[in-house]
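Geometric and topological summary
One letter stands for each residue in the lines below.
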Amino acid sequence: MTASRNTQTPAVRFSQRAGRTHEPPISWLMKYALDHPDCISLAAGFVDAATLPVQIVKECVDELMASPASGRAALQYGTTIGYPPLRRQIAQRLADSDGMTAASHGFDADHVMVTTGSQQLLFLASDVLLDPGDIVVLGAPSYFVYMGILQSMGAVVRSVPVDGDGMDMEALADTLAAIEAEGKLDRLKLIYVVSYYQNPMGVSMSADRRPHVVELAKKYSAKAGRRIFVLEDAAYKELRFSDDSPALPPIKKFDPTNEWVLFAGTFCKPFSAGMKTGFGILPDAILDPVLRQKGNHDFGSANLNQMVISRAIERGSYDQHVRKVRAGYAAKKQVMADGIRRYFPPQTKWHDPAGGLYIWAELPESVCTSPGSPYFKAALERGVLYVPSEHFYYPDSGSPACRSGMRLSFGVASPEQVADGIKRLGQLACEMLKTPAAAK
Ligand SMILES: Cc1ncc(COP(=O)(O)O)c(C=O)c1O
């Protein structure tokens, strides 16, 4: 028997932050995909289930549980900042892969904090810096879950366009100058950049733009008389398709004193999303405040997961796995790119990514791709889901939203599904262009 609700019970008065926190724009798309298993979802940004490292994790867990002492250590709480061997491995790996040393870059394991996914680092870093009304600059389009954090914190967002080389540097410089001219520099706290194979466009910030971001942060910090940080979100860094082209240095590399760049990384994309383990490499000035806030959140991410990842790295199986994952995504990306070339209208603007999980395609403006548009509805009828481009633009942030584009993910779908889904979406766009009235 269910108790009947007392109509006299007063309504809940939520916090202002809860009032500013909305459902993510694509949660209904995810639900639709679950409710319609026959539908080809090119919408979800999930990693490919077929690549998940079941055997490696089993072996690592078996090793950890082989003795009561190591088993108990793994099953106990850890520290807030994270498992020391994993923190050392993280610092060493970033340094080794990108030609940095602790001496040259002012960071070591002491500056590494393990978090519950890199999402938690994005949240905590923003939480310790932002009061309502504080300003964050980011690219348009941008990662919408981070935009959700900013909205909930009451931040003011100023966006600058992203092109095939990442954030447009002239537009960034203009935006910072405009904030200064408006007398609001003291409210500017962060420049947020997804530096590798960005979500949603799949593009990376080019090598020559990277030092420039740090220079701008320093220049305007000096004018503001307080520090403006660069928040480098490198969630897709390890998903580079090929070693043929030189690896891009992290923006962090251009911060040799470890004062300006907060680096966020993750094991979720290259290894296991379900282990939900990420990390931050942080300047001294912000490390303790973020750590205290993490203490309030969860006083430490899952110790068992950290030990498993550390062991996989130590055994070499982590790197072997990442090589396989990269090859798998490279192959699926190729299927998607070939399909776009073959079936999408020739006027389509898109970038061929060198890593990550996404391709961004902009159809001619006459084809609206928004939710509820004829194109979107017809795509659903033909059994294909994509994420409409307009979801990736922060409202009223200075950059007009593209309404004729889509984010297409080759993460979860099989190569056959990718090929089929792209063919259906491309043919549909061509049909709509032939009958323009139908596309409105
Ligand atoms: C750009 C970007 N940053 C951060 C994250 C967070 O990833 P996680 O918390 O799983 O490490 C994601 C997840 O999709 C992302 O796309």
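Residues numbered from 1 in each chain as written. Predicted model: local features only at pLDDT ≥ 70, side-chain atom pairs only at ≥ 80, totals over all residues. Heavy atoms only, no water.

**With respect to helix α14 (residues 374-381)**
Looking only at α14, the buried set comprises Tyr375, Phe376, Ala378, Ala379 and Leu380. Where α14 is buried, its residues touch α2 (27-35), β12 (384-385), β13 (387-388), β14 (405-409) and α15 (415-434). Once α14 finishes, Gly383 follows within two positions and takes phi at roughly 80 degrees, a positive value. (Buried < 20%, exposed > 50% of the residue type's maximum accessible area, 1.4 Å probe, protein only. Helix = DSSP H or I, 4+ residues; strand = E, 2+ residues; numbered from the N terminus. Contact = heavy atoms within 4.5 Å.)

**A closer look at the site of the ligand**
Near the ligand lie 13 residues; those nearest to it are Asp233, Tyr236, Thr266, Lys269 and Lys276. Within the side chain of Lys276, a nitrogen or oxygen atom sits 2.7 Å from an oxygen atom of the ligand. Protein contacts shield 92% of the accessible area of the ligand, which totals 400 Å² for the unbound molecule. By residue number, the principal contributor to the shell around the ligand is helix α7 (residues 117-129), which donates three residues. When the residues that make up the shell around the ligand are grouped by side-chain class, the tally is five nonpolar, five polar and three charged. (Near = heavy atom within 4 Å. Polar contact = N/O pair within 3.5 Å; in protein donor to acceptor, adjacent residues only side chain to side chain. Areas by Shrake-Rupley, 256 points an atom, 1.4 Å probe, with all protein chains shown as cover. Nonpolar A, V, L, I, M, F, W, Y, C, P; charged D, E, K, R; others polar.)

**Notes on the domain arrangement of the protein chain**
Assigned domains of the protein chain: these are domain 1 (18-52 + 320-432) and domain 2 (70-318). For the pair domain 1 and domain 2, the two sides together bury roughly 3200 Å², of which 61% comes from carbon and sulfur. Broken down residue by residue, the surface that domain 1 buries against domain 2 is led by Arg20, Arg326 and Tyr394, which jointly contribute 23%. Scanning the region where domain 1 abuts domain 2 turns up one salt bridge. In this structure, Arg326 and Asp243 form a salt bridge, with 2.7 Å as the shortest nitrogen-oxygen distance. Taken together, domain 1 and domain 2 are joined by 17 residue pairs in polar contact (both at pLDDT 80 or more). Among the secondary structure elements, those contributing two or more residues to the side of domain 1 that touches domain 2 are α13 (317-343) and β11 (358-362). Tallying contributions element by element places α13 first for the side of domain 1 that touches domain 2, with eight residues. In the side of domain 1 that touches domain 2, the residues fall into 18 nonpolar, twelve polar and five charged. (Domains from an automatic or database assignment. Buried area = accessible area lost by both parts, 1.4 Å probe. Salt bridge = Lys/Arg side-chain N within 4 Å of Asp/Glu carboxyl O.)

**Structural notes on the pattern of salt bridges**
Under the counting rule described, the total for this entry stands at 25 salt bridges. Across the pair Lys189 and Asp134 runs a salt bridge, and its minimum N-O distance is 2.6 Å. Of this pair, Lys189 sits in strand β6 (residues 188-194) while Asp134 sits in the loop between α7 and β3 (135-140), and the two are 55 residues apart along the sequence. Of the two residues, Lys189 and Asp134, both sit in the buried class. Taking the shortest distance from any N to any O, the salt bridge between Lys333 and Asp352 comes out at 2.7 Å. Within this pair, whereas Lys333 is found in helix α13, its partner Asp352 is found in the loop between β10 (349-350) and β11, the two being separated by 19 residues in sequence. Residue classification places Lys333 among the buried positions, given a relative accessible area of 7%. Using a relative accessible area of 37% as the deciding quantity, one classes Asp352 as partly exposed.

**Some thoughts on the sheet that holds β14**
Within the open sheet, the four strands sit side by side as β10-β11-β14-β13. Their pairing is antiparallel. Each end of this open sheet is capped by a strand with a single partner; those strands are β10 and β13. Alignment of β13 against β14, held across two bridges, turns out to be antiparallel. Bridge pairing links Val387 to Arg407 in β14. Running over the sheet, α13 touches β10, β11 and β14 and is turned about 15 degrees from β11. (Pairing = 2+ DSSP bridges. Axes fitted to C-alpha atoms, helices over the stretch in contact; angles between N-to-C directions.)

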